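# Descriptive analysis of the structure
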Amino acid sequence: MPDLLLELFSEEIPARMHAKAADDLRRMVTDKLVAEGLVYEGAKAFATPRRLALTVHGIPARQPDLKTERRGPKMGAPDAAVQGFLKATGLKSLDEAKIQRDPKGDFYIALIEKPGRDAIDVLAEILPVIIRTFPWPKSMRWGARSGKPGSLNWVRPLHAITATFGLETEEPDVVPFSVDGIEAGQTTYGHRFLAPAAIQVRRFEDYEAKLLDAKVVLDPERRKDAILTDAKQLAFAQGFDLVEDQNLLDEVAGLVEWPVVLMGSFEPEFLATPAEVIRATIRNNQKCFVVSDPKSTDKAGKLANKFILVANIEATDGGKTIIAGNERVIRARLSDAKFFYETDLKTKLEDRLPKFEQIVFHEKLGTQAARIKRIERLAAEVAPLVGADVGKATRAAHLAKADLLTEVVGEFPEVQGLMGKYYGLAQGEDASVAAACEEHYKPQGPADRVPADPVSVAVALADKLDTLVGFWAIDEKPTGSKDPYALRRAALGVIRLVAENALRLSLLKVAESAIAGLREVGTPYALVDHYKVPSDLLAFFADRLKVQLREQGARHDLVDAVFALGGQDDLLMIVRRVEALGKFLESDDGKNLLAGTKRAGNILSIEEKKDKRTFDGAPDAALYGLGEEKALAKAIGEVQAEASAAVAKEDFAAAMSAMAKLRPPVDAFFDKVRVNDDDPKVRENRLKLLNEIRSATRAVADFSKIQD
């Protein structure tokens, strides 16, 4: 079957847009093809700085013919309805229609046959629409046509369109269309400087090969591999190790079509500046990689006074001019960074804090200074719960935000917290206090490290819980996909801090303490029903915990089953209970007991609805007429006591083992006993016994919340 080659050749497309643009092009074209009945075999899109390309192979040469039936008016309908039906279906008269018999009468049916079109004609129709409606984040108009209505908007000036369609064994045809005066053809262009001449292409295979000959690596993954391999080898040859940076690699690969890796250097005295600042300076300003010295005695690996850049040209002087230009810019930038760092060291962290009185954290939650006071207060209360020194936790909370006002963080926001640690150590702070200045922001995502030092944990929890409680108090909760204050991330951070450090913490009590802090420090806004905040927030944590456990492979319905018991605000115990419940339900005993409990619950629901009452209260042992009833009642009493005792000891595995003892008597009860006995008293007693099953299992979880 024929293949499509499409290339949109333009001025340089911003690197940050490449990946989405390639995916959008593939999706838009293939979705349209499928909608037109042209089901393809495969598709792949590519992006370079000056082109978007797409190959779709295995497209049928022609659309299938379509036959559809359209129902018309009843026989004997008014003439206006008949004429409308004929016009809509293209029939000349009712003689061309069929008659379909129906209980409601006889109706006219038109059989409409729509012959399929050649695929190349369909492509000529859909491709211009896709190009004109392409969803660039930002676009522009240019040239003489730009002032005319309907002129093309594109990310950068579009120069050429390549569009061919045909079988591999035949000469392909050009898809006949134009966009804003640009005719589709078979002409593309190579590297802007190394091979700028026009290139004639036929299909994807020779297109990719000819571009490579013209110094253009089409596949971004291939460019990334080349850059990474060459950079590692160049660093190794000089006795260094490349400091890998995936995000920078993605960006640099989007800036070049023919990557050429070179190495430059800077003065050794700049290495007195923290490595992270050097890296941020070189990365942000020149898009270059840094290298480390494996011979350094620093366990973390000390940076070398070298950097690796990626050029887009094979220079005649071997890249000397390019290297010199980058060295000149990097030298100036590092001089600025060094000056900022040395200037910052002259002012103590605590001396910066008064400026926070003039900085508003949120109009309804007061200044940043007020927030720091709340975090200090809450960190002092949380510290004993996590094994941290109260004095150190309070001091760390006091200084944690101070580096936001430093020159380095003002220039490079990504090193906030980290610079607080450096400045804290420089002014003689305790190592735990300094570390907390950096680590209190963590974890910031599922892959981020979780702090383990108790002081860091105390401040991190205080920071995140103050944020959550504060925004809950002013009714600024996440809605749908919107979460402008990253509250979901904060909640997941709390969950990871608690779970991975095995902390025993009552969320309700800590949230209530945070509310008290809001009242004490004062805010410019009357809190919204603050008494409900902790319980509402607990439900939010339940949702976040479900997300967390689901990502770890656990079942989210088990979280519902545990939270449904009420009063569950110890996240560590919830996680352990969910884990034990999950293992229990994987066993035969667990599966069968769940089935029996569900059956009991279903019967009770039906009968309670029918009788408009519940069947609470203890069953009457005198009404047990069958051995299975007596055995079940005895087992429930024993199991309930044993499971409750195990839960009280927080031995959830033992509680599940106790629950497993219910399985045989429950199975026997449903096998031998008819619940809806003819005697009303016996029936009621048996329904109460079923309710006892439900009550017994609630010692560990609400089984009604568990999905089969």
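For the structure itself, consult the block above.
Now for a look at the structure at hand. (Residues numbered from 1 in each chain as written. Predicted model: local features only at pLDDT ≥ 70, side-chain atom pairs only at ≥ 80, totals over all residues. Heavy atoms only, no water.)

The geometry of an aromatic ring pair comes down to the distance between the two centres and the angle between the two planes. Using the criterion set out here, one finds twelve aromatic pairs in the structure. Relative to F340, the ring of F339 has its centre 6.3 Å away and its plane inclined at 55°; by these criteria the two rings are tilted. With relative accessibility at 53%, the residue F339 sits in the exposed group. What links up through ring pairs into an aromatic cluster is the set F46, F204 and Y207. Across the ring face of F107, the terminal group of R71 is positioned such that the distance to the ring centre comes to 3.7 Å. Positioned above the aromatic ring of Y422 is the side chain of K421, whose terminal nitrogen or guanidinium carbon lies 5.5 Å from the ring centre. (Phe/Tyr/Trp six-rings, centres within 6.5 Å; stacked < 30°, edge-to-face > 60°. Buried < 20%, exposed > 50% of the residue type's maximum accessible area, 1.4 Å probe, protein only. Lys NZ or Arg CZ within 6 Å of the ring centre and 35° of its normal.)

Where burial is concerned, most of strand β7 (residues 158–166) is hidden: eight out of the nine residues are buried. Pairing between strand β1 (residues 3–10) and β7: eight bridges, direction antiparallel. For L6, the partnering residue across the bridge sits in β7 and is A163. Across two bridges, β7 lies against strand β10 (residues 182–185) in parallel orientation. Bridged to I161 within β10 is A184. Taken together, the two bridges between β7 and strand β8 (residues 173–174) define a ladder with antiparallel strand orientation. Following the sheet pairing, T164 is matched in β8 by V174. (Helix = DSSP H or I, 4+ residues; strand = E, 2+ residues; numbered from the N terminus. Pairing = 2+ DSSP bridges.)

Further remarks concern the layout of surface pockets. The method is simple in principle: a probe with the dimensions of a water molecule rolls over the atoms, and the space it marks as empty is what remains. Taken as a whole, the largest pocket spans an internal volume of roughly 850 Å³. Looking at the largest pocket, it is lined by 30 residues, and the ones nearest its centre are A275, E276, R279, V415 and L418. If you list the elements that add at least two residues to the lining of the largest pocket, you get α7 (275–286), β16 (302–311) and α13 (418–426). A per-element tally of the lining of the largest pocket places α7 first, with seven residues. Taken together, the residues of the lining of the largest pocket break down into 13 nonpolar, seven polar and ten charged. Empty space within the second largest pocket amounts to approximately 420 Å³. Lining of the second largest pocket is provided by 18 residues; of these, R371, Y441, D463, T467 and R489 occupy positions nearest its centre. Elements with a contribution of two residues or more to the lining of the second largest pocket: α10 (368–386), α15 (454–473) and α16 (487–500). A per-class count over the lining of the second largest pocket returns nine nonpolar, four polar and five charged. (1 Å grid on protein atoms, 1.4 Å probe; cavity = no way out; pocket = protein on both sides within 12 Å on 5 of 7 lines; lining within 4 Å. Points joined across faces, edges and corners; volume = space filled by probe spheres on them. Nonpolar A, V, L, I, M, F, W, Y, C, P; charged D, E, K, R; others polar.)

A separate point is the sheet that holds strand β15 (residues 289–293). Note on sheets: strands pair through backbone hydrogen bonds, and any given pair is parallel or antiparallel. Spatial ordering of the open sheet is given by β13-β15-β16-β14, a layout of four strands whose pairing is antiparallel. Two strands bound the open sheet, and with one partner strand each, they are β13 (241–242) and β14 (260–265). The sheet strands contacting helix α5 (residues 220–237) are β13, β14, β15 and β16, and the helix crosses β14 at an angle near 35°. (Contact = heavy atoms within 4.5 Å. Axes fitted to C-alpha atoms, helices over the stretch in contact; angles between N-to-C directions.)

With 123 residues, the main nonpolar core has L461, L468, F541, L581, L662 and L690 as its most contacted residues. At 13 residues, the largest contribution of residues to this core is made by α15. Setting aside anything within four residues of it in sequence, one finds L690 in contact with A600, I603, L604, F669, F670 and V675. Core analysis: the second largest hydrophobic core is formed by 41 residues, L4, A47, L127 and I130 among them. (Core = buried A, V, L, I, M, F, W, Y, C linked by side-chain atoms within 4.5 Å.)

These results come straight from atomic positions and should not be treated as a statement about function.
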